[in-house]
Amino acid sequence: MQLVADKRQHPADDLISQLVAIEEEGDRLDEAELISMISLLIFAGHETTSNLIATGTLMLLDHPEQLNMAKADLSLVPAAVEELLRFNGPATIAGPRFATEDIELAGQQIKKGDMVIPILKSTNRDEIQFTDPEELDITRTMKRHLAFGHGIHMCLGVPLARVEGDVAFSTLLRRMPNLRLSVPRENVNWHFTLSSQGLISLPVAF
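Each chain carries its own residue numbering, running from 1 in the direction its sequence is written. Only residues with pLDDT of at least 70 are given local features in this predicted model, and only at 80 or more are side-chain atom pairs given and counted; all residues enter the totals for whole chains, interfaces and linings. As a rule here, side-chain values cover all heavy atoms of the structure and leave hydrogens and water aside.

Draft legend 1. Representation of the overall build of the protein chain within the structure. Secondary structure elements are defined from DSSP: runs of H or I of at least 4 residues count as helices, runs of E of at least 2 residues count as strands, and each element is numbered from the N terminus. A tally of helices and strands in the protein chain yields seven helices and eight strands. Its C-alpha atoms put the protein chain at 55 × 50 × 30 Å along the principal axes. Here the term buried applies to any residue with accessible area under 20% of the maximum for its type, exposed to any over 50%, and partly exposed to those in between, with areas from a 1.4 Å probe on protein chains only. Going through the 206 residues of the protein chain one by one, you find that 32% of them count as buried. Here the contacts in the protein chain between residues at least 6 apart in sequence split such that 60% fall between residues at least 24 apart. Each accessible area value is a Shrake-Rupley result obtained with a 1.4 Å probe; residue values ignore everything except the protein chains displayed when judging cover. Total accessible area on the protein chain is roughly 12,800 Å²; 58% of this is exposed by carbon and sulfur atoms. Counted as positive: Lys and Arg. Counted as negative: Asp and Glu. His and the chain ends are not counted at all. By convention, the point assigned to a charge is CZ for Arg, NZ for Lys, CD for Glu and CG for Asp. In the protein chain, 18 side chains carry a positive charge and 29 a negative one; their mean positions are 5 Å apart. Contact between two residues is taken to exist if any of their heavy atoms lie within 4.5 Å; hydrogens are not considered.

Draft legend 2. Helix α4 (residues 64–72), seen in detail. Along α4, the residues classified as buried are Gln 66, Leu 67 and Ala 70. Seen along its axis, α4 keeps its buried residues to an arc of 100°; they face one direction. Summarising the geometry, the arc corresponds to the directions from the helix axis toward the C-beta atoms.

Draft legend 3. Representation of the layout of surface pockets in the model. Estimated volume of the largest pocket: approximately 1,000 Å³. Of the two site types, the cavity is a set of points on a 1 Å grid over the protein atoms alone where a 1.4 Å probe fits but cannot get out, and the pocket is an open set with protein on both sides within 12 Å along at least five of seven lines, each lined by residues with an atom within 4 Å of a point. What lines the largest pocket is a set of 33 residues, among which Pro 118, Ile 119, Leu 120, Thr 123 and Leu 146 lie closest to the centre. At the level of elements, β1 (97–98), β2 (103–105), β4 (115–116) and α6 (120–123) are the ones that each hand at least two residues to the lining of the largest pocket. A total of three residues in the lining of the largest pocket trace back to one element, the largest contributor, which is α6. For this classification, Asp, Glu, Lys and Arg are treated as charged, while Ala, Val, Leu, Ile, Met, Phe, Trp, Tyr, Cys and Pro are nonpolar and the rest, including Gly, are polar. Across the lining of the largest pocket, the residue classes tally to 15 nonpolar, 11 polar and seven charged. Grid points are joined across faces, edges and corners, and a volume is the space filled by probe spheres set on the points.

Draft legend 4. Local environment of unusual backbone geometry. Of note, Ala 106 is a non-glycine position whose phi angle comes to about 55°, a positive value. Along the polypeptide, Ala 106 turns up in the loop between β2 and β3 (108–110). Under the relative-accessibility criterion, Ala 106 is labelled exposed at 83%. Positioned with a positive phi, Asp 132 is a non-glycine residue whose angle comes to about 45°. With respect to the element layout, Asp 132 can be found in the loop between α6 and α7 (158–175).

Draft legend 5. Representation of a nonpolar patch on the surface. Taken together, the side chains of Leu 15, Met 37, Leu 40 and Leu 41 define a hydrophobic patch exposed on the protein surface, amounting to about 340 Å² of accessible area. Residue Leu 40 is classed as partly exposed on the basis of its relative accessible area, which comes to 49%. Patches draw on residues past 30% relative accessible area with no salt bridge. Two like charges within 9 Å are joined, as are two nonpolar side chains (Val, Leu, Ile, Met, Phe, Trp, Tyr) within 5 Å. One speaks of a salt bridge when a side-chain nitrogen belonging to Lys or Arg is within 4 Å of a carboxyl oxygen belonging to Asp or Glu.

Draft legend 6. Quick peek at the pattern of salt bridges. Under the definition given, this model contains six salt bridges. Notably, a salt bridge pairs Arg 185 with Asp 62, separated by 2.8 Å at the nearest N-O pair. Here Asp 62 lies in helix α3 (residues 31–62) and Arg 185 lies in the loop between β5 (180–181) and β6 (190–192), a separation of 123 residues in the sequence. Ionic pairing is found between Arg 162 and Glu 82, a salt bridge with its closest N-O pair at 2.7 Å. Taken together, the residues Arg 162 in helix α7 and Glu 82 in helix α5 (residues 77–88) connect sequence positions 80 residues apart. Judged by relative accessible area, which is 31%, Arg 162 ranks as partly exposed. Each of Glu 83, Arg 86 and Arg 140 takes part in one network of salt bridges that share partners.

Draft legend 7. Local environment of the packing of aromatic side chains. Aromatic pairing here means that ring centres of Phe, Tyr or Trp (its six-membered ring) are within 6.5 Å. Orientation follows from the plane angle: under 30 degrees is stacked, over 60 is edge-to-face, and everything else is tilted. A complete count under the given rule lists one aromatic pair for this structure. With centroids separated by 6.0 Å and ring planes inclined at 20°, the aromatic side chains of Trp 190 and Phe 192 adopt a geometry described as stacked. Trp 190 sits in the partly exposed class, given a relative accessible area of 25%. We call a charge positioned over a ring when the NZ of a Lys or the CZ of an Arg lies within 6 Å of the ring centre and within 35 degrees of the ring normal. Sitting over the face of the ring of Phe 130, Arg 86 holds its NZ or CZ atom 5.2 Å from the ring centroid.

Interpretation note: all reported values are geometric properties and have no functional meaning in isolation.
In structure tokens:
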């Protein structure tokens, strides 16, 4: 709210100022929609990517053989990013869906109209779709994963997120080849919400 008020008083050449200007036209976004849009942009455009980088780094440190492979061959980084997204991506669930008909799924009766919340982390560990799904393998060849959602609910920022992940991990591995945790592994703490997970901090030495 304070950010919006500041942008009303001091507009600049930035996205939020432009959203405020659209809202003030009165025919596109109202106040609630404006705040909702800004919150979505912060979560989807920043927090998830930050969590991918931090969590992905921890996953590589937890699997030193995979880390060493990536350091030895940076051409593996794009595939590594996809595998890190599959293995432990930042989004835990997709938005709620509603059953369009009665159905039985894995012995569970779902009635038409029931709310269903897909667990992305479970689908990305599906043993029918992935060989050794509980293993991190940055050389894995996969057709797809669901870390970004699917269909009309696919994340709009997918191309940007992939570029950011590629740049971040390529730079990290190249500039910090001796990267390691600077605290005991058990002291690395997580922050969980219903829709996402991330690290509170990742203390490292290099």
